[in-house]
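# Fold and geometry: a report
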Amino acid sequence: MHWQKLFEDKERQFWLLHTCGWIGFALVYYLGSFLHDMRNIWLFVILLNAYAGWLITIPLRYLFRYLWKLEPWLMVLLALASSYVVGALWAVVKNINYWEIYKHGYRPDEWLYYFSNSVDSFSVIVCWSGLYFGIKYYQLLQQEKQNALKASTMAHQAHLKMLRYQLNPHFLFNTLNAISTLVLIKENETANAMVSRLSDFLRYSLDKDPIKRVPLEQEIQAIDLYLDIEKVRFEDRLTVIWDVAPDSRQALVPSLILQPLIENAIKYAIARTEEGGTISIHAKFFGQDLLIEVADNGPGANIVDGQLQRHGGVGLPNIRERLQSLYGNNFSFVIAHNKPSGVKISIRIPYQVGQDANQD
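All values derive from a computational prediction rather than experimental measurement. (Residues numbered from 1 in each chain as written. Predicted model: local features only at pLDDT ≥ 70, side-chain atom pairs only at ≥ 80, totals over all residues. Heavy atoms only, no water.)

## Here we look at the overall build of the chain
- Each helix and strand counted, the chain has 11 helices and 9 strands in total.
- Residues classed as buried in the chain amount to 37% of the 360 residues present.
- Across the chain, the fraction of contacts at a sequence separation of at least 24, relative to all contacts at a separation of at least 6, is 71%. (Helix = DSSP H or I, 4+ residues; strand = E, 2+ residues; numbered from the N terminus. Buried < 20%, exposed > 50% of the residue type's maximum accessible area, 1.4 Å probe, protein only. Contact = heavy atoms within 4.5 Å.)

Structure, rendered in structure tokens:
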């Protein structure tokens, strides 16, 4: 973790790489001098030259920051020119170190000898400059990649929230109408209980983050609130059967993933038959998956290629999109005919317990 923070700081990163690079230069130069001279005085000259290179290339960093803003061709041209100037100056420093320390005060006859070996020095400085620009381009690409990933994540989260909040408004309208009817017929206690359950259900739906997943046990409690409201509307016409295995109650599921399924069954099965019907909800752990099934015994529907042929419905496509966003291809969402009548919707998602990974 300490090293990760160190490399995230670009200022520290530069000084670390800059210093390590010149230490590496000194080491390579020393290893290449085994056949030349192994005296301590020669090692001192190598270290002094490396330190001179360390110092003389620091101004290049600030110059290259300015060149970075120019056109590419002009940036390359000026970077090469400045590298040549710095390389020539470094060559002079290295020659002086060599003559004054290693040669004990030797002086060349021609002043041009001070610039001897400038080509080799220029090559080293060009390598330093190339590494500088290469690392800077890499950092830029990494930053753009992080920005794109962040934008994609934000768009993904916004998409999930939009899908979760597309709950069928008919439920709210029907509930408010039922409450209004109860008030008109003086069923004040029932109306008050219905308002309380509606308030609890809406609070749950707004409090739960659409991006996060919750234990199935919490979903069951929320669906019980929803069903209590619907039972006031349909009274004895609505029967609900729960069959939830104990080991599946702590499994993580997308929040309010069951409500649209049950609402769909009530709207197209219970509400369309005079005698009402039954909704059965099953959940169990199988292998590495959680299996959830919501079925009704209504009149059924037209199902083609696993899709309900209904116009204007957003609940079921909404669920499929949410599952796709959360689990990729590691899920299944199947709509089929129930036996002897009705519609059965089956969901398979990975079995996970504990804290939702999406919360981190």
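## Some words on the pattern of salt bridges
- On inspection of all chains with the given rule, the structure shows 5 salt bridges.
- In this structure, Asp228 and Arg197 form a salt bridge, with 3.6 Å as the shortest nitrogen-oxygen distance. Placement of the pair is Asp228 in helix H9 (residues 216-234) and Arg197 in helix H8 (residues 188-207), with a sequence separation of 31 residues.
- For Arg197, a relative accessible area of 27% puts it in the partly exposed group.
- Overlapping salt bridges bring together Glu11, Arg61 and Arg65 as one network. (Salt bridge = Lys/Arg side-chain N within 4 Å of Asp/Glu carboxyl O.)

## Considerations on the pairing of strand E5 (residues 289-296)
- Across the 8 residues that make up E5, a large majority, 6, are buried.
- Of the pairings in the sheet, the one linking strand E4 (residues 277-286) to E5 comprises 8 bridges and is antiparallel in character. Residue pairing in the sheet places Ile281 in a bridge with Val294 of E5.
- In terms of strand pairing, E5 meets strand E9 (residues 343-350) through 7 bridges, oriented antiparallel. From the neighbouring strand, Asp289 faces E9, where its bridge partner is Pro350. (Pairing = 2+ DSSP bridges.)

## Some thoughts on helix H4 (residues 58-67)
- Those residues of H4 lying buried are Ile58, Leu60, Arg61, Phe64 and Leu67. Axial view of H4: buried residues confined to an arc of 160°, hence all on one face. Those residues of H4 that are exposed and aimed more than 90 degrees away from the buried face are Pro59 and Tyr66. (Arc of directions from axis to C-beta.)

## Observations regarding H9
- For H9, built from 19 residues, the straight-helix expectation of 27 Å at 1.5 Å per residue is met to within 8% by its first-to-last C-alpha distance of 26 Å.
- If you check which residues of H9 are buried, you get Leu216, Glu219, Ile220, Ala222, Ile223, Tyr226, Leu227, Ile229, Glu230 and Phe234.
- Glu235 sits one or two positions beyond H9 and adopts a positive phi of about 50°. (Expected span 1.5 Å × (residues − 1).)

## What to know about the sheet that holds E5
- With mixed pairing, the 5 strands of this open sheet are ordered in space as E2-E4-E5-E9-E8. Edge strands, defined here as strands with exactly one partner in the open sheet, are strand E2 (238-244) and strand E8 (332-337). With direction set aside, neighbouring strand axes in the sheet form an average angle of 10°.
- In terms of strand pairing, E8 meets E9 through 6 bridges, oriented antiparallel. (Axes fitted to C-alpha atoms, helices over the stretch in contact; angles between N-to-C directions.)

## Some words on the confidence of the model for the chain
- Within the chain, residue pLDDT values average 79, and 79% of them lie at 70 or more.
- At the level of individual helices and strands, the chain shows its lowest average pLDDT in helix H1 (residues 2-8), which scores 50, and its highest in E5, which scores 94. (pLDDT = per-residue confidence, 0-100.)

## Regarding the nonpolar core
- Leu261, Ile262, Ile266, Ile279, Leu323 and Phe333 are the most contacted members of the largest nonpolar core, which has 42 residues in total.
- Those residues in contact with Ile266, other than ones at most four positions away along the chain, are Tyr226, Leu227, Glu230, Phe234, Leu238, Ala271 and Ile279.
- Membership of the second largest hydrophobic core comes to 21 residues, among which are Ala50, Leu67, Tyr102 and Trp128. (Core = buried A, V, L, I, M, F, W, Y, C linked by side-chain atoms within 4.5 Å.)

## What to know about unusual backbone geometry
- Note that the residue after Lys339, namely Pro340, is joined by a cis bond; omega there is 0°.
- Positionally, Pro340 belongs in the loop between E8 and E9.

## What about the side chain of Glu230?
- Checked against the element boundaries, Glu230 lands in helix H9.
- Owing to a relative accessible area of 2%, Glu230 belongs among the buried residues under this scheme.
- One polar contact links Glu230 to Tyr226, side chain to side chain, over a distance of 3.1 Å. (Polar contact = N/O pair within 3.5 Å; in protein donor to acceptor, adjacent residues only side chain to side chain.)

## Examining the packing of helix H2 (residues 10-31) against H4
- Look at H2 against H4: their axes get within 12 Å of each other, and the N-to-C directions meet at 135°. Classified by the angle their axes make, H2 and H4 are oblique. The hand of the H2/H4 crossing is right-handed. For the pair H2 and H4, the contacting residues are Glu11, Phe14, Trp15 and His18 in the first and Ile58, Arg61, Tyr62 and Arg65 in the second.
- When grouped by side-chain class, the residues that make up the contact of H2 with H4 number 4 nonpolar, 1 polar and 3 charged. (Parallel < 35°, antiparallel > 145°, perpendicular 65-115°, else oblique. Left-handed = near helix turned anticlockwise from the far one by under 90°. Nonpolar A, V, L, I, M, F, W, Y, C, P; charged D, E, K, R; others polar.)

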